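Survey of secondary and tertiary structure
Here are the chains, one letter per residue:
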Amino acid sequence: MPLKPVPGVFENPVILEILERYRVIWALGHAMGLMSWDSETYMPPKGVEERALASGELARLRQKLILDPELVKLVEKAERLEGLNDYERGVVRVLSRAIRIARSIPPELVAEEARISQEAREAWRRARSESDFSKFKPYLERIVEIERKKAEHLGYEDHPYDALLDLYEEGLRVKDMDAYFDRIIPTIRSTFEKVRREGFYPERHPLEEVRYDVKAMERVNRAVLDMLGYPWDRGRLDVSAHPFTIELGVNDVRITTRYEGFDFRRALFSTVHEFGHALYELQVDERLKATPIAGGASMGVHESQSRFWENVIGRSPAFTSRIKGLLDENLGFTRDYDPVELYRYFALVRPIPIRVDSDELTYNLHIYLRYELEKGLITGEVKVDDLPSLWNDMSEELIGVRPKNDAEGVLQDIHWSLAAIGYFPTYTLGNLIAAMVWKAADAHLKGFYTLVEEGRFDAIREFLREKIHRWGSTYEPKVLVEKALGEPVNPERFNEYITWKYLDLPRKL
Ligand code: MG
């Protein structure tokens, strides 16, 4: 029995039948999402083994349901239909893609990847804690081998890495990323040198050392989320080792943060970052719920939303002024610093070996390093054996700092142990799109930073909802960006943004 039509959204009978069949896949995803949220927050430590077993079984079941012959037949039928609206075409696009991916990778390879990445994650943890790459090396070699095979199965036109990029960002290609990096790397480096000479943005700040009371900081985070408009009846804030956002439905989007007890900007901005991810999911058109297009368009577009709130809004003088009173009231020690001084702490610029702690200006250099190495691993030009020294040389040359050891260098990120090769570039893509959103918001919302300073975040939320959020994944990411922001991904917007923020803005403060 097909679902009832949703006027103007889902009307075609074939689409309605697809959506009806899809509902169980959605429900499975909902359950798996809740399980993974629980794993990171409240699950007792010894639950991990059975949880992994259960998740693996459900993931296999999900694949089976996606390849269900009846569903595949319906999707193929829908591919030939004419007169579908944008939402209906979105459903067909997302499912065709899922089917194509599930079909092209042999189940044995999927199982092998799952098994090795489970072992590799443990090996990576040990290797990192002992700062010894050789303990991780054999696992990474197997993972690279599997990812190369995967690329061959998926197919590509120009570059084998294209096939892997596409898994994380639909339609993203090496030729796109090469062109983006070519445009931003020189501007980042020259801006960085000027920032160092001018000295407004410090490398260190005394507030980094100041310890805070965790309860007080939690009050700050909750008050900031209130101010930004996080709806507590549709979300939660919990604590996890690595902050994340999880969408269980349009009306249940949860975030986590972490409290290290010092350097309070880390807890603050990770919360604002996750708010950006959450808002995207919370503002998807409710009529799309429980369908294949209910979630955000891609990793890159998602990251653009979190970065927009974290960096463009959060690390701004306007936002600093807005939350100054709240910080003084709850933390107390911030009273010794005026808003400009507080802003300098929020936006300090310091080249360091670790990506996750790096500043907005040098962050993309870290991604470029990984991007170049991953491309080389997939073509075979880079050998796993040579990674530690290549990593260190590139870090020194690009970022100006040489990691002290493997833990600080090649072993710092978890991604490769999860067989996630092709994921890193979506971070840079997110930063580029965030700068485009900055530009568009400035053009559409008169006095954008005045709105921030006055706490009128409703106007900003509505702008994002109307342009980007409400569509879910109706459009492929490249199409959405152009439709919402008036031009294809344009790295010059990022150059304009960092030049304005790091060189022009300090002169006006
Ligand atoms: Mg993120």
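Preceding this section is the structure that the text describes.
All figures in this text were calculated on a predicted structure; none of them were measured in a lab. (Residues numbered from 1 in each chain as written. Predicted model: local features only at pLDDT ≥ 70, side-chain atom pairs only at ≥ 80, totals over all residues. Heavy atoms only, no water.)

Here the focus is the packing of helix H8 (residues 174–198) against helix H16 (residues 425–444). Packing of H8 against H16 brings their axes to within 11 Å, and their N-to-C directions diverge by 60°. Between H8 and H16, the crossing angle belongs to the class labelled oblique. Viewed along their axes, H8 and H16 form a crossing whose handedness is left-handed. Where H8 approaches H16, its residues Met-177, Tyr-180, Phe-181 and Ile-184 are matched on the opposing element by Pro-425, Thr-428, Leu-429 and Leu-432. The residue makeup of the contact of H8 with H16, split by class, is seven nonpolar, one polar and no charged. (Axes fitted to C-alpha atoms, helices over the stretch in contact; angles between N-to-C directions. Helix = DSSP H or I, 4+ residues; strand = E, 2+ residues; numbered from the N terminus. Parallel < 35°, antiparallel > 145°, perpendicular 65-115°, else oblique. Left-handed = near helix turned anticlockwise from the far one by under 90°. Contact = heavy atoms within 4.5 Å. Nonpolar A, V, L, I, M, F, W, Y, C, P; charged D, E, K, R; others polar.)

Ranked by internal contacts, the top residues of the largest apolar core, which has 159 residues, are Phe-264, Phe-308, Trp-309, Phe-448 and Ile-460. At 11 residues, the largest contribution of residues to this core is made by H16. Not counting the four nearest positions on each side in its chain, Ile-460 is found in contact with Phe-308, Trp-309, Ile-313, Leu-445, Phe-448, Leu-451 and Val-452. (Core = buried A, V, L, I, M, F, W, Y, C linked by side-chain atoms within 4.5 Å. Buried < 20%, exposed > 50% of the residue type's maximum accessible area, 1.4 Å probe, protein only.)

So, about the coordination of the magnesium ion. Protein coordination at the magnesium ion: the donors are His-273 (NE2), His-277 (NE2) and Glu-303 (OE), at 2.2 to 2.3 Å from the metal. In the primary sequence, the donor residues of the magnesium ion line up as H-x3-H-x25-E. Taken as a pair, His-277 in helix H10 (residues 265–282) and Glu-303 in helix H11 (residues 299–314) lie far apart in primary sequence, 26 residues in all. Residue His-277 is classed as buried on the basis of its relative accessible area, which comes to 12%. (Donors = N, O, S within 2.8 Å, 3.2 Å for Na, K, Ca; no water.)

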